[in-house]
Amino acid sequence: MVSVCVSDTGNGIPKEYHTKIFDPFEQVKSISNPKAGTGLGLSITKKLVELHGGTIGVESASGMGSKFTFTIPSGSKPTQNKEIQISKIVSFIDDNDIFSENIPDVQGQEILVVDDEAVSLKVVSDYLIMNDYKVHQCHSGEDAINYLKKNKPNLVLLDVMMPEIDGFSVCKKIRETYSQFEMPVIFLTAKNQLTDLVQGFSLGGNDYLTKPFSKHELLARVRCQIAISKAKDRLVNLREFANKICSFKNIDILAKEVFNYIVDDLSVDSAALFYDGKIVNCTHSDKQKFIETYNEWNLTDYHAYKDNSSFVFIRFTEIRNCVIIIKTKTVLTPVDIEYFRALEIQA
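Cut-off values and rules
Residues numbered from 1 in each chain as written. Predicted model: local features only at pLDDT ≥ 70, side-chain atom pairs only at ≥ 80, totals over all residues. Heavy atoms only, no water. Helix = DSSP H or I, 4+ residues; strand = E, 2+ residues; numbered from the N terminus. Buried < 20%, exposed > 50% of the residue type's maximum accessible area, 1.4 Å probe, protein only. Arc of directions from axis to C-beta. Contact = heavy atoms within 4.5 Å. Polar contact = N/O pair within 3.5 Å; in protein donor to acceptor, adjacent residues only side chain to side chain. Pairing = 2+ DSSP bridges. Axes fitted to C-alpha atoms, helices over the stretch in contact; angles between N-to-C directions. Parallel < 35°, antiparallel > 145°, perpendicular 65-115°, else oblique. Left-handed = near helix turned anticlockwise from the far one by under 90°.

**A closer look at the environment of M161**
- Within the secondary structure layout, M161 lies in the loop between strand 6 (155-159) and helix 5 (167-175).
- For M161 and D115, which are 46 residues apart along the polypeptide, the C-alpha to C-alpha distance reads 8.4 Å.

Written as structure tokens, this is what we have:
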């Protein structure tokens, strides 16, 4: 066996902590080190040493420094259970096994990522950038608060354990200006104790993701929070539009206003307006495609939408058998379906 020793001349570790410090999230209480980590370093080190067939231990006393010693097998022969060992520390995820049918449009969505650890900050940011999000990075809680004074990102990914101004304090500051719908906050942290979860949600957090996490889970939670925020904005706009059209007496003007309102929706790719089976307005160059879609829909039982489709059919029987066919940019989500149902009812 090869033995490696690492020593320091620091404050030392009391004897009662010699075993505990190798457990996840365990730290020696110290008022002289405000930038203490998460309590995962020694836990991970112990796992790696044991996977190589070695051991690790500590010799220390308060005020006397610390000496960590670990052993690993010597020699050049490969470990017989190599495949088993690798599988314990690395899990491979096949992208083909994770498929999302309802991915909302993310172009133009800005996310603020706040983390004092440079590696974690880069990894999370790279995940988001590769999925077409705009990303701004802040390395501390103070930087984040200053940035938010002049900017309004669509979502904030916020590390909890940061020196001086932690993530909870930043979230509390955000909620003084923005609601949970206006600026969602997702906490990213290695702390997953119940008290931490409760504190995070009580301060206005929208979601909580425990490190380490899968990039697919991160992206799914980000999409979910942005979709909820966008749905709220759409419903507010719909309420204002409904109040506006209540005063219309001319049904042709009403139909035109509804059509223009639909076309302006960011989730809509194109739309066509039909009166008594005839197309009178279309935002797409291929009118024939919409005519064929209308004829196919008209021969079947009326459905406002179909599963796994990007087409919505809104019918206004009291307005000259008016039908608006909407093609969305992505496959319809339950939020989209509920929104267009509400629009049809209001009109």
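This is not the end of the story, as more comes after the structure.
**Let's talk about helix 5**
- Regarding helix 5, the residues found buried are G167, F168, V170, C171, I174 and R175. An end-on view of helix 5 places all buried positions within 160° of arc, on one side of the element.
- Each element contacted by the buried residues of helix 5 is listed here: helix 4 (141-148), strand 6, strand 7 (185-189), helix 6 (194-202) and strand 8 (207-210).
- For helix 5, the N-terminal cap is D166; the gap from its side-chain oxygen to the backbone nitrogen of F168 is 3.4 Å.

**Quick word on the sheet that holds strand 5 (residues 134-138)**
- Overall, parallel pairing links the 5 strands, which are arranged 5-4-6-7-8 in an open sheet. Since the sheet does not close on itself, it has two edges, and those belong to strand 5 and strand 8, each with one partner. Direction aside, the axes of adjacent strands within the sheet are offset by 20° on average.
- Summarising the sheet, strand 6 and strand 7 pair through 4 bridges and their orientation is parallel. Residue pairing across strands places D159 opposite L188, the latter belonging to strand 7.
- Contacts from helix 4 reach strand 4 (110-114) and strand 5 within the one sheet, and its direction differs from that of strand 4 by about 155°.
- Its contacts with the sheet put helix 6 on strand 7 and strand 8, and the angle it makes with strand 8 is roughly 145°.

**With respect to the pairing of strand 12 (residues 322-328)**
- In terms of burial, strand 12 is a largely internal element, 6 of the 7 residues being buried.
- Alignment of strand 11 (residues 311-316) against strand 12, held across 6 bridges, turns out to be antiparallel. Residue F316 lies in a different strand from strand 12, and its bridge partner there is C322.

**Observations concerning the environment of E338**
- One can find E338 in helix 10 (residues 334-346).
- Note: C-alpha distance between E338 and A231 (107 residues apart in sequence) is 9.6 Å.

**Some words on the sheet that holds strand 3 (residues 66-72)**
- Spatial ordering of the open sheet is given by 1-3-2, a layout of 3 strands whose pairing is antiparallel. Each edge of the sheet is formed by a strand with only one pairing partner; in this case those strands are strand 1 (2-8) and strand 2 (56-60). Direction aside, neighbouring strands of the sheet carry axes that sit 20° apart on average.
- Pairing of strand 2 with strand 3, which is carried by 5 bridges, proceeds in the antiparallel orientation. Looking at strand 3, one finds that I56 is bridged to F70.

**Looking at the packing of helix 4 against helix 5**
- For the pair helix 4 and helix 5, the least separation of the axes is 9 Å and the interaxial angle reads 15°. For the element pair helix 4 / helix 5, the angle class is roughly parallel. Crossing angle aside, the handedness with which helix 4 passes helix 5 is right-handed. Contact residues: helix 4 offers G141, A144, I145 and L148, while helix 5 offers V170, K173 and I174.

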